[in-house]
Amino acid sequence: MANPDRLSGLDASFLSLERSGAHMHVGSVLVFEGQAPPYDEFVAKLEQRLHLVPRYRQKLAFPPLVQGRPVWIDDPHFNARYHVRHTALPAPAGEDELRSLAGRIFAQALDRSKPLWEIWLVDRVGDDAFALISKTHHALVDGVSGVDISTVLFDLEPDPPEPDPAPPWYPRPEPSPAVLLAQSVAERASAPLDAARGALGAARHPERVVAGGGKAVTGIAAMAAAGIAGAPPSPLNVRIGSHRRFAWVDADLERLKAIKTALGGTVNDVVLAAVTGALRAFAIRRGRDVAGMELKAMVPVSVRADAERGALGNRVAAMYAPLPLYAEDAKERFDIIHEAMGGLKESGQAVGAEVLTRLAGFAAPTVLDQASRLQTRQRFFNLVVTNVPGPQFPLYLQGRRLRAFYPQVPLTLNTALGIAIMSYDGRLGFGLLGDYDAMPDLEEVAADLERSIDELAAAAGIQEKTGSKRRRPAARRKAATT
């Protein structure tokens, strides 16, 4: 029987991808109203709820001789104060300084000898706010389950009832290298038996195989076609370093919904069309000829069932969306993307990706490592654009309301820009992570993104409501540095 604490093939691949400056953690910048809670009080409240997310007190153990994927084990030296950092911004302690700090924090790798997460408590942002900067390794949590996990750290009301005392926690003894090796060998030996059981089930219920297998084969074929096609050269696809810039954009969710309704698509179509317009402006500013230029975005798709919401680990697949930079008209960009995304869903790309993800669970760690190295050398996509739905109601941290949420997606070795989007309480927060050297104009890309949203709104005949002006980072601001 498989060890439930062993990393899946997909989770282990995120460890293999982490090399040469590419740090595979997801993160966020969260801005709250009011004064920051005292550090000791913040840590104490966090410790009261850690039993709800036991993985956050576990670290990785690696079997010797690379005979199996790592397993999660209790960290006998766990100390919440190591993971919760306390800092302050330099004067004038505004959003520019917060972006700069976020860039530095996102540029630092997590210590693999400890539980793979950090939270930084930032004392003050402006006159009436404070912030948290968080990061968690992608091997631990994906975007969708991360939304569920974060809610246990927040409250749904400013003055919630006092929770029950946390149960005592006693770490389990660390397994010895010999035990880790024996468990890995036993699990690998059982893999053919698991496959045989699956074959027996298929023989007993061939109708299920025909129904499900057809979708899987079609999906894998669609994935193969997308991979063979590859992604074109672009200024985004260069060897990156270890330093980062971070920027963000705010948008009104109702405005984007009005755009999608008027143009006849989805919010995700609006998001991808807005990103396309921004990248078109970026490419032109870089002196590129955009005639016929179509970039490819890797769009992660959750395949987590409702019953699995809140479970740790990754259950994501991927779709490859075309971004038609050649289209000058905003509505034309939207229409092309809307039609293409409908075709991708029908092609079963996400189904094929999930089948391959599950097959990775049977691969030896050395095979996974080589596959991850190959992925960083090949260019299957130009950038990642991930859109995660969040709670549409206010969240509170020890009585302080969460004002804004800006997510962060990691960069792979040959990708200099990643864009993550998170909806929260009627807003849409775009988080842009860029390589420090390759993306010196990251703030200009953020401004391009805002203009692109405005272009889509104009094409849809949507006017911005009075008093709903977005918090707009000026293009002249310096981008976050490391």
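Residues numbered from 1 in each chain as written. Predicted model: local features only at pLDDT ≥ 70, side-chain atom pairs only at ≥ 80, totals over all residues. Heavy atoms only, no water.

A. A look at the nonpolar core. In this structure, Val29, Leu98, Ile133, Leu279 and Phe430 are the most contacted members of the largest nonpolar core, which totals 74 residues. Here the element with the most residues in this core is helix H9 (residues 267-285); it accounts for 11 residues. When neighbours within four sequence positions are excluded, Ile133 is seen to be in contact with Ser28, Val29, Leu98, Leu101, Ala102, Ile105, Phe106, Glu118, Ile119, Trp120 and Val122. With 36 residues, the next largest nonpolar core counts Phe32, Trp72, Leu397 and Leu402 among its residues. (Core = buried A, V, L, I, M, F, W, Y, C linked by side-chain atoms within 4.5 Å. Buried < 20%, exposed > 50% of the residue type's maximum accessible area, 1.4 Å probe, protein only. Helix = DSSP H or I, 4+ residues; strand = E, 2+ residues; numbered from the N terminus. Contact = heavy atoms within 4.5 Å.)

B. Region of interest: the packing of aromatic side chains. Under the criterion given, the structure shown has 8 aromatic pairs. Ring geometry for Phe32 versus Phe154: centroids 6.0 Å apart, planes at 45°, classification tilted. Taken as a pair, Phe32 in strand S1 (residues 25-33) and Phe154 in the loop between helix H5 (143-150) and helix H6 (177-204) lie far apart in primary sequence, 122 residues in all. The pair formed by Phe32 and Phe154 is uniform in burial state, with each residue classed as buried. With 6.3 Å between their ring centres and 75° between their planes, Phe78 and Trp169 make a pair best called edge-to-face. Of the two residues, Phe78 sits in the loop between strand S3 (71-74) and helix H3 (80-83) while Trp169 sits in the loop between H5 and H6, which places them 91 residues apart along the sequence. A relative accessible area of 29% places Trp169 in the partly exposed class. Feature note: the residues Phe106, Phe246, Trp248 and Tyr406 constitute an aromatic cluster, connected by ring pairs. One Lys or Arg, Arg85, reaches over the ring of Tyr82 and ends 4.7 Å from the middle of that ring. The cationic tip of Lys114 hangs over the ring face of Tyr82; the distance from NZ or CZ to the ring centre is 4.9 Å. (Phe/Tyr/Trp six-rings, centres within 6.5 Å; stacked < 30°, edge-to-face > 60°. Lys NZ or Arg CZ within 6 Å of the ring centre and 35° of its normal.)

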